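If you want the building blocks of each chain, they are given just below.
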Amino acid sequence: MAYYRSLGEVPPVRHTVFRSDTGDLYYEELMGEEGFSSDSSLLYHRHIPSAVVGARRWELPDQTLTPNAPLLPRHLRLHDLTDATTLAETDAVRGRRLVLGNEDVRISYVVAGGTSPLYRNALGDECVYVEAGEAVVETVFGALPARQGDYVVIPRATTHRWVVEEGREVRLYAIEANSHIAPPKRYLSQYGQLLEHAPYCERDLVGPSEPLHVEETDVDVYIKHRSPAGVTGTIHTLPHHPFDVVGWDGCLYPYTFNIADFMPITGKVHQPPPVHQVFEGDNFVICNFVPRKVDYHEKSVPVPYYHSNVDSDEVMFYVGGDYEARKGSAIGLGSISFHPGGHPHGPQPGAIEASLGKDYFDETGVMVDTFRPLQLGEAGLATEDKAYASSWSGGRWLA
């Protein structure tokens, strides 16, 4: 992020003595990417941010990944994961269930009715899409209100928690990277400003409010991190609450971007998925399809042409409206379509004819394309509609 922000109290010169009105020393912490060579922010704490008084294992939810074999397109119904009996005890961190994943990115889903513990992802950035409901994401930088349609982008190692009001629920689609997540490079100037042809701009990005101040002792922080065995978890007990920042400044911080503020790029004939891109990480991209005017050539075919994902797997999460290319299938809101590399895919039978002459699509979807094969998590296996693969052939399937 080239968008500089400063909140709270910071000294006039960085890396210099900074004290409170009573003479107490504030402790400066640099949060920076790529070994001091990329975006960073300086945070000023009331207490030493490195202090730890205890540590124990965090047994993560099932992280098992199963290969997509035999190779098939798949339909997953994420709304089948909802359990009303445990909603109040389910939080946005510990309640996530793994849907799909590979070496670069993991996609999870959770319906949460409770407030999460403090959490820090040391593996990579998170981009969490709010499918429904609302919450407040409290962070060391300040608070971020999150509402339906928001992408909540949280930099690696940012300590935060999801606060859900009692009696409410929030549905979250969590995209967890093993890298950083940022706007596509082609949208940015050489200095990092979003360009005129980008489908959104800096004023659409909502940053945190003033820093929070919580005085508590012996506070647990759940940490997801690397190990030789893969993703693992640890719980650190800190002597003081990490929400003790008096001020910060810089270009690295969490923010929200609402899907309704994305300005779709359209054309005379059908435009390919890259025009819908909103973010990217290492070996994957995030796109969103929003309500929009569609192709205006007199013989245009508004729905996508059949295409082979030669280099990538495609995951579409359907969150609003009526997706024209999937008419005739069982896909609805809360569905995922997973189309793997090596298999040509496109509109369901009858969808092309049904789309002809239309000039507007009322659809909202979040798409993740990966450049390494995805595998199925336990939540993906638990919610599969096994009839989907035969939907292009009229349900015919040879056992």
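Conventions used here
- Residues numbered from 1 in each chain as written.
- Predicted model: local features only at pLDDT ≥ 70, side-chain atom pairs only at ≥ 80, totals over all residues.
- Heavy atoms only, no water.
- Pairing = 2+ DSSP bridges.
- Helix = DSSP H or I, 4+ residues; strand = E, 2+ residues; numbered from the N terminus.
- Core = buried A, V, L, I, M, F, W, Y, C linked by side-chain atoms within 4.5 Å.
- Buried < 20%, exposed > 50% of the residue type's maximum accessible area, 1.4 Å probe, protein only.
- Contact = heavy atoms within 4.5 Å.
- Salt bridge = Lys/Arg side-chain N within 4 Å of Asp/Glu carboxyl O.
- Patch = residues over 30% accessible without salt bridge, like charges linked within 9 Å, V, L, I, M, F, W, Y side chains within 5 Å.
- Areas by Shrake-Rupley, 256 points an atom, 1.4 Å probe, with all protein chains shown as cover.
- Phe/Tyr/Trp six-rings, centres within 6.5 Å; stacked < 30°, edge-to-face > 60°.
- Lys NZ or Arg CZ within 6 Å of the ring centre and 35° of its normal.
- Polar contact = N/O pair within 3.5 Å; in protein donor to acceptor, adjacent residues only side chain to side chain.

(A) Structural detail: the sheet that holds strand β12 (residues 150-154). The strand order β18-β12-β9-β14-β7-β6-β28 describes an open sheet built from seven strands, whose pairing is antiparallel. The sheet terminates laterally at β18 (255-258) and β28 (375-376), the two strands that pair on one side only. Two strands pair when backbone bridges link them, and strand β7 (residues 105-112) and strand β14 (residues 170-177) are joined in this way by eight bridges, in the antiparallel orientation. Counterpart to Ala 112 in the pairing with β14 is Val 170.

(B) Layout of the nonpolar core. Of all hydrophobic cores here, the largest spans 58 residues; its most connected members are Tyr 151, Tyr 173, Tyr 200, Phe 279, Ile 286, Val 315 and Ile 336. Top contributing element to this core by residue count: β7, with four residues. Leave out the neighbours within four places in its chain, and Phe 279 touches Cys 127, Tyr 151, Val 153, Ile 181, Ala 182, Pro 183, Pro 184, Tyr 200, Tyr 255, Phe 257, Val 285 and Ile 286.

(C) Just the pattern of salt bridges, in detail. Counting across every chain of the model gives 17 salt bridges. When the shortest N-O distance is used, the salt bridge between Asp 104 and Arg 372 registers 2.7 Å. Placement of the pair is Asp 104 in the loop between β6 (97-101) and β7 and Arg 372 in the loop between β27 (363-370) and β28, with a sequence separation of 268 residues.

(D) Structural detail: a nonpolar patch on the surface. Together, Val 17, Leu 25, Tyr 27 and Ile 48 give the surface a local cluster of nonpolar side chains, amounting to about 360 Å² of exposed area. Mapped onto the secondary structure, Ile 48 falls in the loop between β3 (40-45) and β4 (54-57).

(E) Local environment of the sheet that holds strand β5 (residues 74-77). Taken together, the seven strands give an open sheet; going across it, the order is β19-β20-β27-β23-β24-β5-β29, and neighbouring strands pair in antiparallel fashion. Unpaired on one side and paired on the other, β19 (277-281) and β29 (384-385) mark the two borders of the sheet. Sheet topology note: the strand β23 (residues 313-321)/β27 ladder contains eight bridges and is antiparallel. Looking at the pairing, Tyr 318 lines up with Gly 365 of β27.

(F) Expanded view of the packing of aromatic side chains. Tallied over the full model, the rule gives 15 aromatic pairs. The interplanar angle of 90 degrees and the centroid separation of 5.0 Å between the aromatic rings of Phe 141 and Trp 248 together place this pair among those described as edge-to-face. With a gap of 107 residues between them, Phe 141 in the loop between β10 (135-139) and β11 (142-146) and Trp 248 in strand β17 (residues 245-250) connect regions that are remote in the sequence. Like Trp 248, Phe 141 is buried. What links up through ring pairs into an aromatic cluster is the set Tyr 129, Tyr 151, Tyr 187, Tyr 200, Phe 257, Phe 262 and Phe 279. Its guanidinium or amino end placed over the ring of Tyr 253, Arg 5 lies 5.7 Å from that ring's centre, counting from NZ or CZ.

(G) Seen up close, unusual backbone geometry. Residue Ala 69 is joined to Pro 70 through a cis peptide bond whose omega torsion reads 0 degrees. For Pro 70, the position within the fold is in the loop between β4 and β5. Of note, His 15 is a non-glycine position whose phi angle comes to about 60 degrees, a positive value. Within the secondary structure layout, His 15 lies in the loop between β1 (5-8) and β2 (27-32). The exposed category is assigned to His 15, whose relative accessible area is 53%.

(H) Structural view of the environment of Gly 357. Mapped onto the elements, Gly 357 comes out in the loop between α1 (351-355) and β26 (360-361). The exposure class assigned to Gly 357 is exposed, which follows from its relative accessible area of 78%. Measuring from C-alpha to C-alpha, the distance between Gly 357 and Ser 38 comes to 48 Å, with 319 residues separating the pair along the chain.

(I) Examining the side chain of Asn 258 more closely. With respect to the element layout, Asn 258 can be found in strand β18. A polar side-chain atom of Asn 258 sits 3.1 Å from the main-chain carbonyl oxygen of Gln 148. Among the polar contacts listed, one links the side chain of Asn 258 to the side chain of Asp 150, at a separation of 2.9 Å. Filtering out sequence-adjacent residues up to four positions away, Asn 258 remains in contact with Arg 147, Gln 148, Gly 149 and Asp 150.

(J) Representation of the environment of Pro 73 within the structure. Position of Pro 73 among the secondary structure elements: in the loop between β4 and β5. Excluding its chain neighbours within four sequence positions, the residues that come into contact with Pro 73 are Phe 338, His 339, Pro 340, His 343, Tyr 388, Ala 389 and Trp 392.

(K) How the structure looks around the side chain of Arg 171. With respect to the helices and strands, Arg 171 occurs in strand β14. A polar side-chain atom of Arg 171 sits 3.0 Å from a polar atom in the side chain of Tyr 109. Excluding residues within four positions of it along the chain, Arg 171 makes contact with His 79, Thr 82, Tyr 109, Val 110, Val 111, Tyr 129, Val 130, Glu 131 and Ala 132.

(L) Examining the environment of Tyr 109 more closely. Summarising the element assignment, Tyr 109 is placed in strand β7. Its relative accessible area of 1% is what places Tyr 109 among the buried residues. Here the alpha-carbon distance between Tyr 109 and Tyr 173, two residues 64 residues apart in the chain, equals 4.8 Å. At 2.6 Å, the side chain of Tyr 109 and the side chain of Glu 131 are in polar contact.

(M) Main features of the pairing of β3. β3 sits mainly inside the fold: five of its six residues count as buried. Relative to β3, β2 is paired through six bridges, and the arrangement is antiparallel. Bridge pairing in β3 places Gly 32 opposite Ser 40.

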